[in-house]
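Descriptive analysis of the structure
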Amino acid sequence: PKQDKPEVKDEATLQHDQKMEWWREARFGMFIHWGLYAEPAGEWKGERIPGISEWIMARAGIPVKEYEKLAENFNPEKYDAEAWVKLAKFAGMKYIVITSKHHDGFAMFHSKASKYNIVDATPFDRDPLKELADECKKQGIRLGFYYSQAQDWHEPGGTYFNIEEGKPHWDKDMVREPLMNYINGKAVPQVKEILENYGGLDILWWDTPRGMTEEAALALQDVADNYPDLITNNRLYRPWPGDFSTPEQHVPPTGLDYDWEVCMTMNTSWGYQWYDENWKSAEDLIKMLVDIASKGGNLLLNVGPTAGGEFPKPSIERLKQMGVWMQKNGESIYGTSASPFFKLPWGRCTTKEVKGNTNLYLHVFDWPKDGLLTVPGLKARINDIYLLSNPKQHFAWKFEGDDLHIHAPSVIFDEINTVVVVKTKGKVEVTSNKP
Ligand code: H79
């Protein structure tokens, strides 16, 4: 049961809150899965390998020596960091997290710790992550790197690698060489490189800790600990708190009480897969972002660029449509808190404290046909109710007991998710909540 005593926070908690402040306000980021796997794009020797394309090496059982050859042709000449960052910003995203090395073990940055990297092993004579880091600084957006710390299908010590066959096995742990050889020989040095050489990362995003040991996790955490402002996730080891938890491809129905971020694809695959046409609509993606914000989480929405260095057209279209909505309605997302209501029949709610007063943002997924938008069980002193996308449009209201009825004309204001702002004096109290 909640108590009304003011919370007393210790020094560590205050510092943690300070570190997390921008991340908690951001609400919306871009995930980028880009690597050698974009070249086969889900197809190997004329055969479609179903599932997620960045797993093709394991799913098709491709020997290291064969997979390595992909690097010889990897030459993403259309890559344009400025355009990528510009689009992320247009979409309303406040941070980018990009794969610096996925399970295939190939580094998308210039690494001294392993020659198997984009500068030394491909004809592409540029470091795309350096270019991205510079652009993020220039355009003012936060940047994180994803690093697959456990699985590395290129190294005999990486988990899920079968030395005898020279290829990954994802169903059994076939490690023959000690994990720490790989951790100390490649993972630790590369993590030092990415944290040191890219102008200070904001996020380090670990992935599934299959086959990790506590010793390996501590060795990597030691490196991360040198960067007090660095935000990391909970996937270094299991169990491992990190700074936030990471539901993948689903939204937790009632949110989580720890900081959390849903990572989600727009279609099925993370990496580019040329025949993956299972696209979610822009409308569904906007509603997903709203749904997550109404539960207090962040959305990290994925793009899988091509081997040529371009975002797929359907991704661009969706990001633009989300941007159009965010430019009008972003206030109802950034820096908001979870809904105080247990359930609302017509949509979702986000809230924000502004100088001691509360704004309720009503996200109306289903505009009421009977002209009455009802907020059930609310005690509040209301100042004003208006349309976020057009603040000149005010609405009349009346209370019936604790039910707030807003007079909603039977016109559709916005094509996707109309946001109605309820401005109150002081705090609000919700009386309708059932568990
Ligand atoms: O980077 C993306 C995925 O490649 C990565 N995490 C996101 C962010 C990821 N690594 N592991 N997993 C996700 C979960 C693995 C699921 C598996 Fe399977 C089920 C591995 C083996 C069976 C999926 C299906 C992959 C191969 C077959």
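Residues numbered from 1 in each chain as written. Predicted model: local features only at pLDDT ≥ 70, side-chain atom pairs only at ≥ 80, totals over all residues. Heavy atoms only, no water.

1. Examining the environment of A88
Note the following rule: Note on conventions: DSSP H or I runs of at least 4 residues are helices, E runs of at least 2 residues are strands, and numbering of each starts at the N terminus. By definition, residues are in contact when any of their heavy atoms lie within 4.5 Å.
You can see A88 is positioned in helix α5 (residues 81-91). Separated by 235 residues in sequence, A88 and G323 place their C-alpha atoms 8.7 Å apart. With sequence-adjacent residues up to four places away left out, A88 is seen in contact with M30, M93, I96 and I141.

2. Observations regarding the side chain of E155
What counts here: Think of a polar contact as two N or O atoms within 3.5 Å of one another; within protein, one of them needs to be a possible hydrogen donor and the other a possible acceptor, and neighboring residues in sequence only count if both atoms come from side chains.
Checked against the element boundaries, E155 lands in the loop between β5 (142-147) and β6 (161-162). One polar contact links E155 to K186, side chain to side chain, over a distance of 2.9 Å.

3. Description of the sheet that holds strand β18 (residues 403-407)
In any sheet, the strands associate via hydrogen bonds between backbone groups, in a parallel or an antiparallel arrangement. The following threshold applies: One requirement defines pairing of two strands: DSSP has to find at least two bridges between them. Only the contacting stretch of a helix is used when fitting its axis, a line to C-alpha atoms as for every element, and angles between N-to-C directions run 0 to 180 degrees.
Reading across the sheet, the three strands line up as β14-β18-β17 and stay open at both edges, with antiparallel pairing between neighbours. Single-partner strands in this sheet number two, and they are β14 (372-375) and β17 (397-400). Put simply, the sheet's adjacent strands are angled 25 degrees from each other on average, direction ignored. The sheet contact formed by β14 and β18 spans four bridges and is antiparallel.

4. A few points about the nonpolar core
This is how the line gets drawn: Residues belong to one nonpolar core when they are buried, are Ala, Val, Leu, Ile, Met, Phe, Trp, Tyr or Cys, and are joined through side-chain atoms within 4.5 Å. The classification of residues rests on relative accessible area computed with a 1.4 Å probe and restricted to protein chains. Under 20% of the type maximum is buried, over 50% is exposed, and intermediate values are partly exposed.
Ranked by size, the top nonpolar core spans 101 residues in total, and within it I96 and I183 carry the most contacts. When residues in this core are grouped by element, the largest group, nine residues, is from helix α8 (residues 179-197). In contact with I96, other than residues within four places in its own chain, are M30, I32, V85, A88, L132, C136, I141, R142, L143 and G144.

5. Overview of the pairing of strand β13 (residues 357-364)
When you tally the buried positions in β13, you get seven out of eight residues, the bulk of the element. Examined bridge by bridge, strand β12 (residues 347-354) and β13 share eight bridges and lie antiparallel to one another. The residue bridging K352 from the neighbouring strand is N359, located in β13. The turn joining β12 and β13, which pair antiparallel and follow one another in sequence, is formed by two residues; a positive phi near 50 degrees is taken by K355. Across six bridges, the pairing between β13 and strand β19 (residues 418-430) is antiparallel. Along β19, the bridge assignment pairs Y361 with V421.

Keep in mind that these numbers describe shape and distance, not what the molecule does.
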